[in-house]
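A structural walkthrough
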Amino acid sequence: QVRLVESGGGLAQAGGSLRLSCAASGSMFSLVTMGWYRQVPGKERETVAQTFSGGITHYAAFVRGRFTISRDSAENTVDLQMNNLIPEDTGVYYCAARIRVRVDGPTNDYWGQGTQVTVSS
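Residues numbered from 1 in each chain as written. Predicted model: local features only at pLDDT ≥ 70, side-chain atom pairs only at ≥ 80, totals over all residues. Heavy atoms only, no water.

Brief notes about the pairing of strand β7 (residues 67-72)
Working note: regular strand, side chains alternate between the two faces of the sheet. Pairing analysis gives six bridges linking β7 to strand β8 (residues 77-82), with the strands arranged antiparallel. Counted as the bridge partner of Arg71 is Val78 from β8. Between β7 and β8, which pair antiparallel and follow one another directly, the connecting turn spans four residues, one of which, Asn76, has a positive phi of 55°. (Pairing = 2+ DSSP bridges. Helix = DSSP H or I, 4+ residues; strand = E, 2+ residues; numbered from the N terminus.)

In structure tokens form, the structure reads like this:
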């Protein structure tokens, strides 16, 4: 059973920083991609940052230059360092991964339970 467990988050002031961490556990053949997504009040869930094979990363325009995603492939973890936070970053942040559980099986998407980030002005 694959699980994604997030940690970090909480309350920060505008201009401050927070760090989110996510660890994938369970039996898996390969972990294809990992990323962070968020759902802010009144909006659909949106991509924040993603990391792909070969160290390729992708950031949403609204976090580029402020957030940094990093992945430890050996530990199956992904972190999101969030700097220069603004109140509009408030929301629930989710970790997700695309995983191939069996060598001959398809890839499936797995999600963490979400962690609240609140930025005060």
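Now that the structure has been shown, we can carry on.
Notes on the packing of aromatic side chains
On inspection of all chains with the given rule, the structure shows two aromatic pairs. Aromatic side chains Tyr37 and Trp111 sit 5.0 Å apart centroid to centroid with 55° between the ring planes, which places their arrangement in the tilted category. Within this pair, whereas Tyr37 is found in strand β4 (residues 30-39), its partner Trp111 is found in strand β10 (residues 107-111), the two being separated by 74 residues in sequence. On the accessibility criterion, Tyr37 (14% relative accessible area) is buried. Classification of Trp111 as partly exposed rests on a relative accessible area of 40%. Note that Arg45 overlies the ring of Tyr94, its terminal NZ or CZ placed 3.9 Å from the centroid. The ring of Trp111 carries the charged tip of Arg45 above its face, separated from the ring centre by 4.6 Å. (Phe/Tyr/Trp six-rings, centres within 6.5 Å; stacked < 30°, edge-to-face > 60°. Buried < 20%, exposed > 50% of the residue type's maximum accessible area, 1.4 Å probe, protein only. Lys NZ or Arg CZ within 6 Å of the ring centre and 35° of its normal.)

Looking at the pattern of salt bridges
Evaluation of the coordinates by the stated rule reveals seven salt bridges. Its salt-bridge partner being Asp79, residue Arg19 comes within 3.1 Å of it at the nearest N-O pair. Of this pair, Arg19 sits in strand β3 (residues 18-25) while Asp79 sits in strand β8; the two residues are 60 residues apart in sequence, bridging distant segments of the chain. Given a relative accessible area of 17%, Asp79 falls into the buried group. Residues Arg38 and Glu46 are paired through a salt bridge, measuring 2.9 Å at the closest nitrogen-oxygen approach. For the residue pair Arg38 and Glu46, the accessibility class agrees, reading buried in each case. (Salt bridge = Lys/Arg side-chain N within 4 Å of Asp/Glu carboxyl O.)

Quick word on unusual backbone geometry
Phi angles above zero are rare outside glycine, and Asn76 is one such case at about 55°. Counting through the fold element by element, Asn76 comes out in the loop between β7 and β8.

So, the state of the cysteines
As enumerated under the stated definition, the model contains one disulfide in all. Between the sulfur atoms of Cys22 and its disulfide mate Cys95 the distance is 2.0 Å. Here Cys22 and Cys95 share a disulfide; its torsion about the S-S bond, -75°, makes the bridge left-handed. With Cys22 in strand β3 and Cys95 in strand β9 (residues 91-100), this residue pair connects regions lying 73 residues apart in the sequence. With respect to burial, Cys22 and Cys95 carry one shared label: buried. (Disulfide = S-S within 2.5 Å.)

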